[in-house]
Every structure is written in structure tokens, then in C-alpha cells.
Amino acid sequence: MWPWRQQLVLLSALAAQNTVLVLLMKHALTKHHHPTTLNVIAVEILKIALCFLLELPTHGYRIVGLLDSVKRDPQLFKYAMPALLYAVQNNLCLVAMRRMAAVEYQVVYQSKILVTALMAWYWLRRPMTVVQWVSLCLLVFGVSIVAYDPSSYPSRAQDITAK
């Protein structure tokens, strides 16, 4: 187990990365009008190139050896469907980002944690600890605070004058 300081640094880095990613995506989509599928394909190509680059030292820096091991390993093809679904999800995220404000998008995107946890608990019968339930309640509370828009409700003074 990592010391708590390293965990805190990693959690902070992950939160900062997610925030910066959403803001950069929103900026890129509003300033530059590229097709979203082009963006997703470019990112996927960069990711696979990085994976090959990181795997190259285990094959003696020989590209032929790396490609041979990819052809011989049937397990790699089992990752094709989740990878394809992930690319579709990224494309849908970019479409949603184009149509929503950055804050709204982030709130809806983080709500998937709640839905996933409840589905795992209900359908997969996966037990959850007290800490996990408290964390989900805090997530719901945080999403509710961010999503709450007092301007969408009529004020009490408007209700009285309407009667």
C-alpha cells in the first residue's frame, strides 16, 4: 500500500487532469470546428503508438518481434470490443461537450460513478462497505449542489403576487 501522501498527490493529479481535460476539450470544440470522429481517431492512434513504444523494450527494441508477439497472442483480440466501445464513448463525450457547458458535462460525467456502483451492487450482488456508501452519498450531495439552479424556480414573492 502506498503512503497516504503519495495517494493524496495522485488523487490531486487525477482531479487536476480531469478538470484540465474537460476545459481543454470545451475550448477546442468551441474555437476549432473539427469533426469529433477525427479527434477520437487521432487520440486512439496516439494511444496505440504510445503502447507500442512502451512495449518495444520488452522485445529487444525490435519492431518485427513486437508485431509477431501481437499476432501470436489471442488475448489481445479480446480487448478489441471494449476498446471499440471506449472509442464510441469518447465520440459521444465530445458530442455532449459540444452541446453542454463544461460544468454541466462534468457533473453528468461524474454521475456515471453512482450509476455504475448501484448497478454493481444490485445486479452483480457486489457488497459495498460503509465507506463506499458514504462516498456515494457525498457524490450525490456534490452533484446536487452543482446542478441546483435557484434561478429556475420562481421566488416566493412572485408566487404571492401571482395570486
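Everything quoted here is computed from the prediction, not taken from an experiment.

S.K.: Quick one: what's the story with helix α6 (residues 102–122), residue by residue and with numbers?
M.R.: With 21 residues, α6 should reach 30 Å at 1.5 Å per residue; the first-to-last C-alpha distance of 31 Å fits that figure. Looking only at α6, the buried set comprises A102, Y105, Q106, V107, A117 and A120.

S.K.: Quick one: what's the story with the nonpolar core, residue by residue and with numbers?
M.R.: One finds V22, M25, L29, V40, A87, C93, L94, M97, A102 and Y105 forming the largest nonpolar core, which totals ten residues. Taken together, the elements giving at least two residues each to this core come down to α1 (4–31), α5 (80–99) and α6. With four residues, the top contributor of residues to this core is α5. If near-sequence neighbours (up to four positions away) are discounted, V22 is found in contact with M97, A102, Y105 and Q106.

S.K.: Describe the packing of α5 against α6, and please don't skip the residues or the numbers.
M.R.: Relative orientation of the contacting elements α5 and α6 amounts to 150°, with a least axis distance of 10 Å. Judged by the inter-axis angle, α5 sits roughly antiparallel to α6. As α5 packs across α6, the resulting crossing turns out to be right-handed. The residues of α6 that touch α5, namely those facing Q89, C93, A96 and M97, are Y105, Y109 and K112.

S.K.: Just give me the short version of the confidence of the model for the protein chain, but keep the residues and values in it.
M.R.: The predicted coordinates ought not to be read in detail in places where the model reports low pLDDT. On average, the protein chain scores 76 in pLDDT, and the residues at 70 or more come to 87%. No element of the protein chain has a lower mean pLDDT than helix α8 (residues 156–162), at 52, and none a higher one than helix α7 (residues 130–147), at 85.

S.K.: Just give me the short version of the packing of α1 against α6, but keep the residues and values in it.
M.R.: At a minimum axis distance of 10 Å, the contact between α1 and α6 shows a crossing angle of 135°. Classified by the interaxial angle, the pair formed by α1 and α6 is oblique. Crossing handedness for the pair α1 and α6: right-handed. Seen from α1, the contacting residues are N18, T19, V22, L23, M25 and K26; seen from α6, they are A102, Y105 and Q106. When grouped by side-chain class, the residues that make up the contact of α1 with α6 number five nonpolar, three polar and one charged.

S.K.: Mind laying out the packing of aromatic side chains, listing which residues take part and the relevant values?
M.R.: Tallying each qualifying case throughout the model produces two aromatic pairs. Measuring from centroid to centroid gives 5.2 Å for W121 and W133, while their planes differ by 85°, and the two rings are edge-to-face. Placement of W121 in helix α6 and of W133 in helix α7 is noted, with a sequence separation of twelve residues between them. Judged by its relative accessible area of 38%, W121 is partly exposed. Positioned above the aromatic ring of Y122, the side-chain terminus of R125 is 5.6 Å from the ring centre.

What counts and how
- Residues numbered from 1 in each chain as written.
- Predicted model: local features only at pLDDT ≥ 70, side-chain atom pairs only at ≥ 80, totals over all residues.
- Heavy atoms only, no water.
- Helix = DSSP H or I, 4+ residues; strand = E, 2+ residues; numbered from the N terminus.
- Expected span 1.5 Å × (residues − 1).
- Buried < 20%, exposed > 50% of the residue type's maximum accessible area, 1.4 Å probe, protein only.
- Core = buried A, V, L, I, M, F, W, Y, C linked by side-chain atoms within 4.5 Å.
- Contact = heavy atoms within 4.5 Å.
- Axes fitted to C-alpha atoms, helices over the stretch in contact; angles between N-to-C directions.
- Parallel < 35°, antiparallel > 145°, perpendicular 65-115°, else oblique.
- Left-handed = near helix turned anticlockwise from the far one by under 90°.
- pLDDT = per-residue confidence, 0-100.
- Nonpolar A, V, L, I, M, F, W, Y, C, P; charged D, E, K, R; others polar.
- Phe/Tyr/Trp six-rings, centres within 6.5 Å; stacked < 30°, edge-to-face > 60°.
- Lys NZ or Arg CZ within 6 Å of the ring centre and 35° of its normal.

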